[in-house]
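Close look at the chain arrangement
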Amino acid sequence: MPLTRDIVYRIVSKELLSGNLSHLSLLNTFVPKDRLLQGDASRFSAEQKTRKATRKLATRRDEAFRKTAKLHKEFQLDAGMSWIEARMINHSLVVLGKKGFLLYLFYSDLQENHESYPVGIGHDFKNQLFSLLDHSHYLGIILASTYHKGIDTVLNNLGQELRLIDLKYDPSTLAFVPVDRKKYARFTMNTDGSTTLHYLDVMGRQLESVLVTNIYGRPEIFAVMLMKNLITMEFRRGCFFFVLPGERYLYRIAEDGRLTTYELALPAIKMAISDENTAIRLVVSLKNPQDTAASGCQYFRAHHSGISTFSELFEQGAEPDCLLFMGQGLVVTEKGHVRLYDTPRNGVPRQIADFELDEFIVDAFKGPSADQVGFLTSNGKVLFYEIGELKG
């Protein structure tokens with residue numbers, strides 16, 4: 001009997017190493033009175049089944065992440081220019097580029113008509129396109145001092161109702177913000193360190209100015225005074241949202257100037273916000289100066305009474321180049337790597353897919369359809385990818 005038991009032990013041990021649990025019950029037959037052995041064997045079997053299921057789920061998830069996105073359309077721009085930003089405006093593609101101090105706009109109707117036009121003179125700071133999301137009634141270029149007749153051609157191509165906005169810049173300006181089809185806002189810093197929101201119509205005429213105040217009704221003084229580039233500020237459903245690079249706050253300003261602050265886990269780098277067609281979600285890229293591996297992104301949801309935090313950190317360790325909300329999803333790029341996330345009503349964003357591009361991504365933007373994302377690359381390509389099938 002002892003010899004037989006030893007043989008059974010060796011067989012069961014060998015089978016367990018190969019992942020087979022079916023012979024584990026044989027131990028109870030040869031050692032029926034050892035209750036501890038029976039309990040240990042049951043627990044071991046349950047743990048192994050759980051681990052196997054977890055590994056199987058992880059394998060399926062990894063396989064899902066390795067899906068290949070389908071390239072829908074590609075445009076090759078002048079590789080001799082530095083291309084800055086791209087977006088869809090009134091169903092057409094517009095790309096802002098620069099060569100020396102001369103600014104260019106690339107226009108395409110996504111069919112046969114596409115051309116680059118010189119449109120003005122830029123500055124050392126980063127120039128940006130200025131328009132409403134999707135269907136805009138105006139177009140401007142931030143930090144461009146003069147305009148060339150090429151801008152008229154682009155405006156005519158984009159639609160007769162489109163108006164050129166001359167964004168008059170001075171050193172006190174912190175941001176320009178599209179509000180609606182009839183007005184925009186200029187966010188400025190006053191000589192005493194306080195800030196003001198100026199509302200202007202599309203002709204550049206001043207409509208109203210409101211002082212930004214804190215919860216006590218006093219003027220808000222921001223710590224940052226001088227910035228190399230204008231801050232990115234977005235307007236959604238009656239409020240302005242923004243972060244200041246290096247500061248640990250997410251700021252929300254109501255139209256009447258009342259400011260609310262929300263503390264971040266780490267100093268901010270950049271922010272992205274969803275459009276008004278969905279529940280408003282925000283993501284802020286954060287950086288730990290002492291430990292970059294502890295850096296990441298923080299996810300928020302905005303509602304009528306304020307902002308709720310729904311995650312501490314995800315995308316940990318990486319510093320994203322682009323953040324873009326699309327429907328209920330979030331697109332994150334790092335160099336040529338693209339990651340897609342689902343943004344749930346509650347909880348941490350969940351990665352659902354990723355894929356690689358051969359080029360470094362400069363800008364990510366919404367494509368011509370709901371399931372298409374556009375990428376502007378460092379070597380002057382515009383690539384439209386189908387991502388709808390990656391979400392399933």
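Right, let's walk through the structure included here. (Residues numbered from 1 in each chain as written. Predicted model: local features only at pLDDT ≥ 70, side-chain atom pairs only at ≥ 80, totals over all residues. Heavy atoms only, no water.)

A few points about the sheet that holds strand β15 (residues 239–243)
Spatial strand order, β14-β15-β16-β17: four strands in an open sheet with antiparallel pairing. Every other strand in the sheet has two partners, leaving β14 (233–236) and β17 (259–263) as the edge strands with one partner each. Mean inter-strand twist for the sheet, computed between neighbouring axes without regard to direction, equals 20°. Two strands pair when backbone bridges link them, and β14 and β15 are joined in this way by four bridges, in the antiparallel orientation. Each bridged residue has a counterpart across the sheet, and for F235 the counterpart in β15 is F240. (Pairing = 2+ DSSP bridges. Helix = DSSP H or I, 4+ residues; strand = E, 2+ residues; numbered from the N terminus. Axes fitted to C-alpha atoms, helices over the stretch in contact; angles between N-to-C directions.)

A short note on the pattern of salt bridges
According to the stated counting rule, one finds 12 salt bridges in the structure shown. A salt bridge links R339 to E334; the shortest N-O distance between them is 3.0 Å. Linked by salt bridges that have partners in common, E74, E359 and K381 make up one network. (Salt bridge = Lys/Arg side-chain N within 4 Å of Asp/Glu carboxyl O.)

Some details on the sheet that holds strand β26 (residues 361–366)
Pairing is antiparallel in the open sheet, where four strands are placed in the order β1-β28-β27-β26. If you trace the sheet from one side to the other, it starts and ends with β1 (70–76) and β26, each paired once. Strand-to-strand twist in this sheet, taken as the mean axis angle between neighbours without regard to direction, amounts to 20°. Of the pairings in the sheet, the one linking β26 to strand β27 (residues 372–377) comprises five bridges and is antiparallel in character. Across the sheet, A364 pairs through a bridge with F375, a residue of β27.

With respect to the pairing of strand β28 (residues 381–386)
With five of its six residues buried, β28 lies for the most part within the structure. As judged from the six bridges shared by β1 and β28, these two strands associate in the antiparallel manner. Opposite K70, over in β28, you have E386 as the bridge partner. Examined bridge by bridge, β27 and β28 share five bridges and lie antiparallel to one another. Following the sheet pairing, G374 is matched in β28 by F384. (Buried < 20%, exposed > 50% of the residue type's maximum accessible area, 1.4 Å probe, protein only.)

Quick notes on helix α4 (residues 150–158)
The set of residues buried in α4 consists of G150, I151, V154, L155 and L158. Seen end-on, α4 carries its buried residues on one side only, within an arc spanning 140°. (Arc of directions from axis to C-beta.)

Some remarks on the pairing of strand β12 (residues 195–201)
Across the seven residues that make up β12, a large majority, seven, are buried. Residues of β12 alternate between two faces, with T195, L197, Y199 and D201 on one and T196, H198 and L200 on the opposite face, all of them buried. With seven bridges connecting them, strand β11 (residues 183–189) and β12 associate as antiparallel partners. What sits directly across from T188, in β12, is T196. Remark: five residues form the turn of the hairpin made by β11 and β12, two consecutive strands paired antiparallel; G193 in that turn has positive phi of roughly 95°. Bridging between β12 and strand β13 (residues 206–211) involves five bridges; their strand directions are antiparallel. Note that in β13 the partner of T196 across the bridge is L211. Once β12 ends, the chain turns through four residues before running back antiparallel as β13, passing G204 with a positive phi of about 90°.

Observations concerning the side chain of S274
Its location among the elements puts S274 in the loop between β18 (268–273) and β19 (281–286). Among the residues examined, S274 registers a relative accessible area of 1% and is labelled buried. Separated by 3.3 Å, the side chain of S274 and the backbone oxygen of A279 make a polar contact. (Polar contact = N/O pair within 3.5 Å; in protein donor to acceptor, adjacent residues only side chain to side chain.)

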